[in-house]
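Breakdown of the fold
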Amino acid sequence: SGARLEGRVRDIAYRGLFVECGLPPEAGMECRVQLVLDDHTEIELAGRIARTTPMGAGISFDAEQGNSFDLLREFLIAAADDPESMRLVLEPLGQ
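Report follows, based on the coordinates. Keep in mind the model is a prediction, meaning the values are calculated, not measured.

For the structure shown, the criterion picks out five salt bridges. Across the pair Glu 44 and Arg 32 runs a salt bridge, and its minimum N-O distance is 3.3 Å. In this pair, Glu 44 is assigned in strand β4 (residues 42-53) and Arg 32 in strand β3 (residues 30-36), connecting sequence segments twelve residues apart. Taking the relative accessible area as the measure of exposure, Arg 32 reaches 55% and is therefore exposed. Two residues, Asp 70 and Arg 73, come together in a salt bridge whose shortest N-O distance is 2.5 Å. Here Asp 70 and its partner Arg 73 are both found in helix α1 (residues 67-79), three residues apart, which amounts to about one turn of the helix.

The structure is reproduced here in structure tokens:
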């Protein structure tokens, strides 16, 4: 429908995220996600609404999306409690 929905990311992983939002869109709908990091880096990913709850929506990202997944992977590594362990898990996904 082209509607814009803003929310707060509550959980994020390499293949998806959960976003708290007002009226979440219907499960199964395609969507575009724009993440704006603290350093103002923008990551844009295509996905699909995987599930909805009264609190928000779970979004699964589409298959590899080039540079966007590279940026997301680097963000997740930097934000991890144990960056080196996270790197070992995520690096093979980027190949």
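There is more to say, and it comes next.
With respect to topology, five strands assemble into an open sheet ordered β1-β2-β5-β4-β3, the strand pairing being antiparallel. Lying at the two open borders of the sheet, with one neighbouring strand each, are β1 (8-13) and β3. Averaged over all pairs of adjacent strands, the angle between strand axes in this sheet comes to 35 degrees, irrespective of strand direction. The strands touched by α1 within the sheet are β1, β3, β4 and β5 (56-61), with β4 carrying the most contacts at an inclination of about 80 degrees.

Next up on the list: the pairing of β4. Pairing of β3 with β4, which is carried by seven bridges, proceeds in the antiparallel orientation. Paired with Glu 30 across the bridge in β4 is Arg 48. Remark: five residues form the turn of the hairpin made by β3 and β4, two consecutive strands paired antiparallel; His 40 in that turn has positive phi of roughly 75 degrees. Of the strand pairs in this sheet, β4 and β5 are connected by six bridges, and their pairing is antiparallel. Pairing of Gly 47 across the sheet is with Phe 61, part of β5. Between β4 and β5, which pair antiparallel one after the other, the connecting turn spans two residues.

The rules behind these values
Residues numbered from 1 in each chain as written. Predicted model: local features only at pLDDT ≥ 70, side-chain atom pairs only at ≥ 80, totals over all residues. Heavy atoms only, no water. Salt bridge = Lys/Arg side-chain N within 4 Å of Asp/Glu carboxyl O. Helix = DSSP H or I, 4+ residues; strand = E, 2+ residues; numbered from the N terminus. Buried < 20%, exposed > 50% of the residue type's maximum accessible area, 1.4 Å probe, protein only. Pairing = 2+ DSSP bridges. Axes fitted to C-alpha atoms, helices over the stretch in contact; angles between N-to-C directions. Contact = heavy atoms within 4.5 Å.

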